[in-house]
Amino acid sequence: MNFASDNAGPVHPKVMEALVAANTDYAMAYGNDDLTAQVVDKIRDLFEAPEAAVFLVATGTAANSLALASLCPPWSTVFCSHVAHIEEDECNAPEFYSGGAKLTLVDGKADAPDQMTPDALHSAIAAAGGSVHNAQRGAVSLTQVGEKGNTYTLDEIRALCDVAKGFDVPVFMDGARFSNAIAKLACTPAEMTWKAGVDAVAFGGTKNGLMAVEAVVFFNPKHAQEFEFRRKRAAQLFSKHRFLAAQLDAYLTDGLWLDMAHAANARCHQLLEGLQRLGVPVQTQTPANLIFFTLPRRAHRALTDAGAVYYSAAAQDGALDDMLTGRLVCDWSLSEEAVTRFLDLVAKAI
Ligand SMILES: *Cc1c(COP(=O)(O)O)cnc(C)c1O
C-alpha cells in the first residue's frame, strides 16, 4: 500500500532486461552510440516530429531547468502556477541554471490551483516586459499532469499556448507524468504538445517505471542550440549514455510506456471510486494517477499505523478530528488488491 509517489515504485523488469542487454561490448560514449541514435528516432516518431531535437538527462529537475534556461534569457521571467514543481520543489534550480531568470506565479482555477487560467496568464504576461528595469517575458511553463493531480484538456493547453503566442513567448511542458496524461486523454503525444502550441517538453520516464531518465524534446531546433552546452556544463551529459538510452528503448517498445501509465491510472480510478463511495472528499478534479483527499487526523493515523504509506501532515501534533489533506500517487506496479485493502482500511477508519 505504497502511495508515496510514483518514483517510489520499482523499475519495470523489461527495462532492467534492456539495461543488462546493453551491457555488452563497447559503445561510443556521450550519446554517440547506436542505441541513443535509435531512441532519438523513436522519440521523433512518437511525437511525429522528424526535426525535433532530443536530449536525455537523468532527473526531472535537470530536464526542466536546462530546457527553461535554453528558452529564457537571464533577464526574463517564467510564467507558471503557484504550485508548479519548478516553484516549490526544485531548490531554485531553474533560476540557477538560467543564470537568474525568475518565476512569475500565475493564478489557477479555484478548484484546481495547478491549472493556470488563460485570463490570469494573459494578465501576468502583459504586466511583464517593458523597460530595462523590468523582468522581460521569458517562457510559459505548464505541468501535465499537474502537481495537484489535474490534467489539462487539449483545448485548455491550446488556449494557454494561444495566449503565450500572442506575446511571442515560448511554451514549455513539464511532463514528469506525461504518459499518465496521454493515457487519461486518449490523445497522441503530438496532439498534447506541438499541435497545441507547445515548443518543448520534458517527456518523463522515472515516475513511470524507468530507473533514471527523462527526454527533453524541442520541436523547434532553434531553441535547442544551447541545450547541448548547458547539459554538459550542468554535469548532466552522461558518458555511459547507452544506459540512459536502453531504458527509453524498452519504454518505447510495444507501447510499454502507455501500458504502464494505463495501469497506474486504473489503480487511481479504483481509489477515486472507492473514496467517493465512502463519502471521502477528493480535491482533484480531473485525475490521472494521483489524487488529494481529506480525512480527520485520527483516520490518517489509523491508515498509517496499518501500513499505508503516503504524504499527509497526520504525524504532526494537533487535534485528532482536524481535517487534513493526504496525497495518493499510483505507479505502474501497484496491485488492485493493495488498493482494495487500503479502501477497506479507510472504511474502518471513518
Ligand atoms: C517528480 C517531478 C519532477 C522531476 O523531479 P526529479 O525529482 O528532479 O526527477 C518534475 N516535475 C514534476 C511535476 C514532478 O512531479
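Please refer to the structure higher up on the page.
The rules behind the values
Residues numbered from 1 in each chain as written. Predicted model: local features only at pLDDT ≥ 70, side-chain atom pairs only at ≥ 80, totals over all residues. Heavy atoms only, no water. Near = heavy atom within 4 Å. Polar contact = N/O pair within 3.5 Å; in protein donor to acceptor, adjacent residues only side chain to side chain. Areas by Shrake-Rupley, 256 points an atom, 1.4 Å probe, with all protein chains shown as cover. Helix = DSSP H or I, 4+ residues; strand = E, 2+ residues; numbered from the N terminus. Nonpolar A, V, L, I, M, F, W, Y, C, P; charged D, E, K, R; others polar. Phe/Tyr/Trp six-rings, centres within 6.5 Å; stacked < 30°, edge-to-face > 60°. Buried < 20%, exposed > 50% of the residue type's maximum accessible area, 1.4 Å probe, protein only.

**Remarks on the site of the ligand**
Near the ligand you find Thr59, Gly60, Thr61, Asn64, His85, Glu90, Thr143, Glu147, Asp174, Ala176, Arg177 and Lys207, and these make up its full shell. Within the contact set of the ligand, an oxygen atom lies 2.5 Å away from a side-chain nitrogen or oxygen of Thr61. Contact with the protein chains covers 80% of the free accessible surface of the ligand, which is 390 Å². Ranked by residue count, the leading element in the shell around the ligand is helix H3 (residues 60-71), at three residues. Considered class by class, the residues forming the shell around the ligand number one nonpolar, six polar and five charged.

**As for the packing of aromatic side chains**
Counted by the stated rule, this structure contains 13 aromatic pairs. With a centroid separation of 5.5 Å and an interplanar angle of 90°, the aromatic rings of Phe178 and Phe203 are classed as edge-to-face. Residue Phe178 is located in helix H8 (residues 178-185), and its partner Phe203 is located in strand E8 (residues 200-203); the two are separated by 25 residues in the primary sequence. On the numbers, 5.5 Å between centres and 65° between planes, the contact of Phe218 with Phe227 is edge-to-face. Given a relative accessible area of 0%, Phe227 falls into the buried group. Of the aromatic side chains, those joined through ring pairs into one cluster are Phe47, Phe178, Phe203, Phe219, Tyr251 and Trp257.

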